[in-house]
Amino acid sequence: SKIVQSIGAIIIAKTGRANAGGSVKNFNTTKKLYSENKIPLQVEFENTGNVHTTPKGKIEITNSFGRLTGLAYINPNAQISLPHTSRSFETTYQGGFLLGKYKATLILLYGNPKVELRATTTFWVLPWKQLSLWTLSACLLILLLWALVKKYNQWIIAKNTRLQG
């Protein structure tokens, strides 16, 4: 027996009347509450047209005050979505210190001319490990200051007693 290897290429051609269509079937995070600043985001794009398309876009992350805190990009490698199929894309947003409610806004472009799709989702970030450490540090600092003030007051009273006696 003989093994023969060959390399083939997939050729995608547009024939006939092109009808580019699509929708965001699903856009969400894996959870609604995170304790760290690494947020996985998932987009499911449904190609409802009769031609392949390359959906690409960005996700804007805004805090509860509406201020833009960061960006994540969807499909930077330009993977295609075949007609009448759904394709999932995943990305991760990793920001600095995050605390509170955040809104992720997906802006996805596909087709020629470009068609824009938008979707939003929300999530909460509560970094309890960092907050616990800060709270513990603040309590220790307050305790240390209280002990130092008490020691200083005792020293002042003792000094005043020696001067009068």
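Summary of the structure given here. It should be emphasised that the depicted structure is a prediction, and the values quoted were computed from it without experimental measurement.

**Concerning the packing of aromatic side chains**
Think of a pair of aromatic rings as described by two things: how far the centres are apart, and how the planes are tilted against each other in angle.
Right, so step 1: Taken as a whole, this structure holds 4 aromatic pairs when the rule is applied.
Right, so step 2: Ring centres of Y102 and F123 lie 5.9 Å apart, and the angle between their planes is 15°; this geometry places the pair in the stacked category. Within this pair, whereas Y102 is found in strand β7 (residues 100–110), its partner F123 is found in strand β8 (residues 115–125), the two being separated by 21 residues in sequence.
Right, so step 3: A relative accessible area of 1% places F123 in the buried class.
Right, so step 4: These aromatic residues form a ring-pair network of at least three members: Y34, Y102 and F123.

**Quick notes on the sheet that holds β7**
Right, so step 1: Spatial strand order, β2-β8-β7-β4-β5: 5 strands in an open sheet with mixed pairing. Unpaired on one side and paired on the other, β2 (33–34) and β5 (68–74) mark the two borders of the sheet.
Right, so step 2: The pairing of β2 with β8 spans 2 bridges and is parallel. Bridged to Y34 within β8 is V125.

**With respect to the sheet that holds strand β6 (residues 85–94)**
Right, so step 1: Spatial ordering of the open sheet is given by β1-β3-β6, a layout of 3 strands whose pairing is antiparallel. Edge strands, defined here as strands with exactly one partner in the open sheet, are β1 (22–29) and β6. Geometrically, the sheet is characterised by an average inter-axis angle of 20° between neighbouring strands, direction not taken into account.
Right, so step 2: Sheet topology note: the β1/strand β3 (residues 38–47) ladder contains 7 bridges and is antiparallel. When the bridges of β3 are listed, N28 appears paired with Q42.

**Overview of the nonpolar core**
Right, so step 1: Core analysis: the biggest nonpolar cluster contains 22 residues, and L41, I59, I61, L106 and F123 have the highest contact counts within it.
Right, so step 2: Counting only elements with at least two residues in this core, the list comes to β3, β4 (56–63), β5, β6, β7 and β8.
Right, so step 3: Residue contributions to this core peak at 5 residues, all from β7.
Right, so step 4: Those residues within four positions of I61 in sequence are excluded, and the remaining contacts are L41, R67, L68, T69, G70, Y93, Y102, K103, A104 and F123.

**Brief notes about the side chain of T91**
Right, so step 1: Checked against the element boundaries, T91 lands in strand β6.
Right, so step 2: For T91, a relative accessible area of 14% puts it in the buried group.
Right, so step 3: Here Y73 takes part through its backbone oxygen, which lies 3.2 Å from a polar atom of the side chain of T91.
Right, so step 4: Apart from residues lying up to four places away in sequence, T91 is in contact with I39, P40, L41, I59, A72, Y73 and I74.

**Thoughts on the environment of T30**
Right, so step 1: Structurally, the position occupied by T30 is in the loop between β1 and β2.
Right, so step 2: Ignoring anything within four residues of it in the chain, the contact list for T30 reads P40 and Q42.
Right, so step 3: A distance of 3.1 Å separates the side chain of T30 from the side chain of Y34, its partner in a polar contact.

**Points about the environment of K101**
Right, so step 1: Counting through the fold element by element, K101 comes out in strand β7.
Right, so step 2: Look at K101 and you get partly exposed, because its relative accessible area is 37%.
Right, so step 3: For the pair formed by K101 and T69, sequence separation is 32 residues and the distance between their alpha carbons is 12 Å.
Right, so step 4: The contact partners of K101, leaving out residues within four places of it in the chain, are T62, N63, S64, T122, F123 and W124.

The rules behind each value
- Residues numbered from 1 in each chain as written.
- Predicted model: local features only at pLDDT ≥ 70, side-chain atom pairs only at ≥ 80, totals over all residues.
- Heavy atoms only, no water.
- Phe/Tyr/Trp six-rings, centres within 6.5 Å; stacked < 30°, edge-to-face > 60°.
- Helix = DSSP H or I, 4+ residues; strand = E, 2+ residues; numbered from the N terminus.
- Buried < 20%, exposed > 50% of the residue type's maximum accessible area, 1.4 Å probe, protein only.
- Pairing = 2+ DSSP bridges.
- Axes fitted to C-alpha atoms, helices over the stretch in contact; angles between N-to-C directions.
- Core = buried A, V, L, I, M, F, W, Y, C linked by side-chain atoms within 4.5 Å.
- Contact = heavy atoms within 4.5 Å.
- Polar contact = N/O pair within 3.5 Å; in protein donor to acceptor, adjacent residues only side chain to side chain.

Everything listed here is a matter of coordinates, which is why it stays silent on function.
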